Amino acid sequence: MVNGRTPKIRLLNAGKSFHTSSEAAHVALAAGNLDIYEGEFVCLVGPSGCGKSTVINLMAGFEQPTEGSVMIDGKPVLKPDPDRIMIFQDYGLFPWKTALDNILFGLKCRGISKAEAKKRALAALSGVGLSAWAQRHPHELSGGMKQRVALARALAVEPSVLFMDEPFAALDAFTRLHLQDELLELRKKRKITIIFVTHDLDEAVYLGERIVLMAPNPGRFENNITIDLPYPRDRTDKHFDRYRKELFEAFDLVHKEAGRIRKEAEGIQEEGSGI
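Residues numbered from 1 in each chain as written. Predicted model: local features only at pLDDT ≥ 70, side-chain atom pairs only at ≥ 80, totals over all residues. Heavy atoms only, no water.

**Regarding the packing of aromatic side chains**
Short version of the rule: Two aromatic rings, drawn from Phe, Tyr or Trp (for Trp, its six-membered ring), form a pair once their centres lie within 6.5 Å of each other, and the interplanar angle then sorts them: stacked below 30 degrees, edge-to-face above 60, tilted otherwise. Burial classes: relative accessible area under 20% of the type maximum marks a residue as buried, over 50% as exposed, and values in between as partly exposed (1.4 Å probe, protein chains only). Two conditions define a charge located above a ring, namely a distance within 6 Å from the ring centre to NZ of Lys or CZ of Arg, and an angle within 35 degrees of the ring normal.
Per the stated rule, a full pass over the model turns up six aromatic pairs. When the ring of Phe94 is compared with that of Trp96, the centres are 5.2 Å apart and the planes differ by 40°; the resulting orientation is tilted. Since its relative accessible area comes to 59%, Trp96 is described here as exposed. Among the aromatic residues, ring-to-ring pairing joins Phe41, Phe168 and Phe196 into one connected group. Sitting over the face of the ring of Tyr206, Arg235 holds its NZ or CZ atom 3.6 Å from the ring centroid. Sitting above the plane of the Tyr243 ring, Arg242 keeps its charged end 4.5 Å from the centroid.

Below, the structure is given as structure tokens:
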């Protein structure tokens, strides 16, 4: 608890290992602790293999920890829940359904009446600027439009938590910047809790209220950086640049350490092989 607040999401000594064909298990996430509060926008960043996707999958209930616990609203996360929605990089839309029907599907699964579902679906499409494309199928939409439909589908069911696993990574730079602004605008209307995985450090500083930096070998929580800047943020502002520099320097240290560990491991393997 911080300043009288109870965490919305809590990882307590949470770790995840995967057993491979070899004797040693692969530790994707070493036992670690992380608290995320109601309405926070938290970005997870770090080098490849540091466990970002493992962490978000544990929070969303797609994976179970092999040690420790993951709690949301004080209850263990045992499986996915319709109150917690995940948005992936590949959109996850049904190709045979229109944009409107993709959104309606989630609402109907929640037991919402046909009339109310259509009202909310149309409002969600309007919120992401796609009212005119309601009857288009995914193959008729650009990558940015597909991700906006995915975002509208998620927000239409009014979840309390939105998980986003590199949702803009496959988009061109202009579309990516535009969707970052759209996401922040949508969040102003309802302060949903967002956990956002990204490889883009500039994106993390632009979006996040807090950035959790992870390190690999094994995956672990390395650093927390609070971004004390108001929205909307100016990427050319000196204060923004200060946070960017702080994050890049912290990331560089993690990257160098990961490289050192990897070289040591490769050296041990070479010695063991008799080369």
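Now that the structure has been shown, we can carry on.
**What to know about the nonpolar core**
For the record, the criterion: Within this scheme, the nonpolar core is defined by two criteria: the residues are buried Ala, Val, Leu, Ile, Met, Phe, Trp, Tyr or Cys, and they are joined through side-chain atoms within 4.5 Å. Should any heavy atoms of two residues lie within 4.5 Å, those residues are considered in contact.
By size, the foremost hydrophobic cluster in this structure holds 57 residues, and its most contacted members are Leu162, Met164 and Phe196. Residues within four places of Leu162 in sequence aside, it is in contact with Ile85, Ile87, Leu151, Ala154, Leu155, Ile192, Thr193, Ile194 and Ile195. Listed in part, the 25 residues of the second largest apolar core include Ala60, Val77, Ile195 and Val212.

**What about the packing of helix H2 (residues 99-109) against helix H4 (residues 143-156)?**
The relative placement of two packed helices comes down to the angle between their axes together with the axis-to-axis distance. Our working definition: All axes here are fitted lines through C-alpha atoms, helices being fitted over the stretch that makes contact, and every angle between N-to-C directions spans 0 to 180 degrees. Comment: elements are numbered from the N terminus, with helices defined as DSSP H or I runs of at least four residues and strands as E runs of at least two. Should an angle lie under 35 degrees it is considered roughly parallel, over 145 roughly antiparallel, and from 65 to 115 roughly perpendicular; all remaining angles are considered oblique. Put simply, a crossing is left-handed when the front helix is turned counterclockwise from the back one by less than a right angle, and right-handed when it is turned clockwise.
For the pair H2 and H4, the least separation of the axes is 9 Å and the interaxial angle reads 25°. As judged from the angle between their axes, H2 and H4 are roughly parallel. Remark: the crossing between H2 and H4 carries right-handed chirality. Contact residues: H2 offers Ala99, Asn102, Ile103 and Leu107, while H4 offers Val149, Ala152, Arg153 and Ala156.

**Description of the pattern of salt bridges**
Any two side chains of opposite charge can pair, on the condition that their charged atoms come close. Test applied: A pair is scored as a salt bridge if a Lys or Arg side-chain nitrogen falls within 4 Å of a carboxyl oxygen belonging to Asp or Glu.
Across all of its chains, the model carries 17 salt bridges by this definition. Glu158 serves as the salt-bridge partner of Arg120, at 4.0 Å between the closest nitrogen and oxygen. Of this pair, Arg120 sits in helix H3 (residues 114-127) while Glu158 sits in the loop between H4 and strand S7 (161-165), and the two are 38 residues apart along the sequence. One salt bridge connects Glu222 with Arg220, and the closest N-O pair in it is separated by 3.3 Å.

**Topic: the side chain of Lys16**
Convention followed: In protein, a polar contact requires one atom able to donate a hydrogen and another able to accept it; more generally it is a pair of N or O atoms within 3.5 Å, and residues adjacent in sequence count only if both atoms are side-chain atoms.
Its place among the elements puts Lys16 in strand S1 (residues 9-19). Of the polar contacts made by the side chain of Lys16, one reaches the side chain of Glu63; its length is 3.5 Å. Ignoring anything within four residues of it in the chain, the contact list for Lys16 reads His26, Val27, Ala28, Leu29, Thr54, Leu58, Glu63, Gln64, Pro65 and Thr66.

**Considerations on the environment of Gly129**
Along the chain, the position of Gly129 falls in the loop between H3 and H4. Considered as a pair, Gly129 and Glu182 are 53 residues apart in the sequence and their alpha carbons are 9.4 Å apart.

**Some details on helix H5 (residues 173-189)**
Stated precisely, the cut-off is as follows: One less than the residue count of a helix, multiplied by 1.5 Å, gives the span that helix is expected to have.
The terminal C-alpha atoms of H5 lie 25 Å apart, and with 17 residues this matches the ideal 24 Å at 1.5 Å per residue to within 8%. Looking at H5, one finds that the buried residues are Thr175, Arg176, Leu179, Gln180, Glu182, Leu183, Leu184, Leu186 and Arg187. A distance of 3.2 Å separates the backbone nitrogen of Phe174 from a side-chain oxygen at the start of H5, and that oxygen is part of Asp172.

**Points about the side chain of Glu166**
Our working definition: Counted as positive: Lys and Arg. Counted as negative: Asp and Glu. His and the chain ends are not counted at all.
As for its position among the elements, Glu166 is in the loop between S7 and H5. Nearest to the buried, unbridged Glu166 among oppositely charged side chains is Lys52, at 5.5 Å. The residues contacting Glu166, other than those within four sequence positions of it, are Gln89, Val197, Thr198 and His199.

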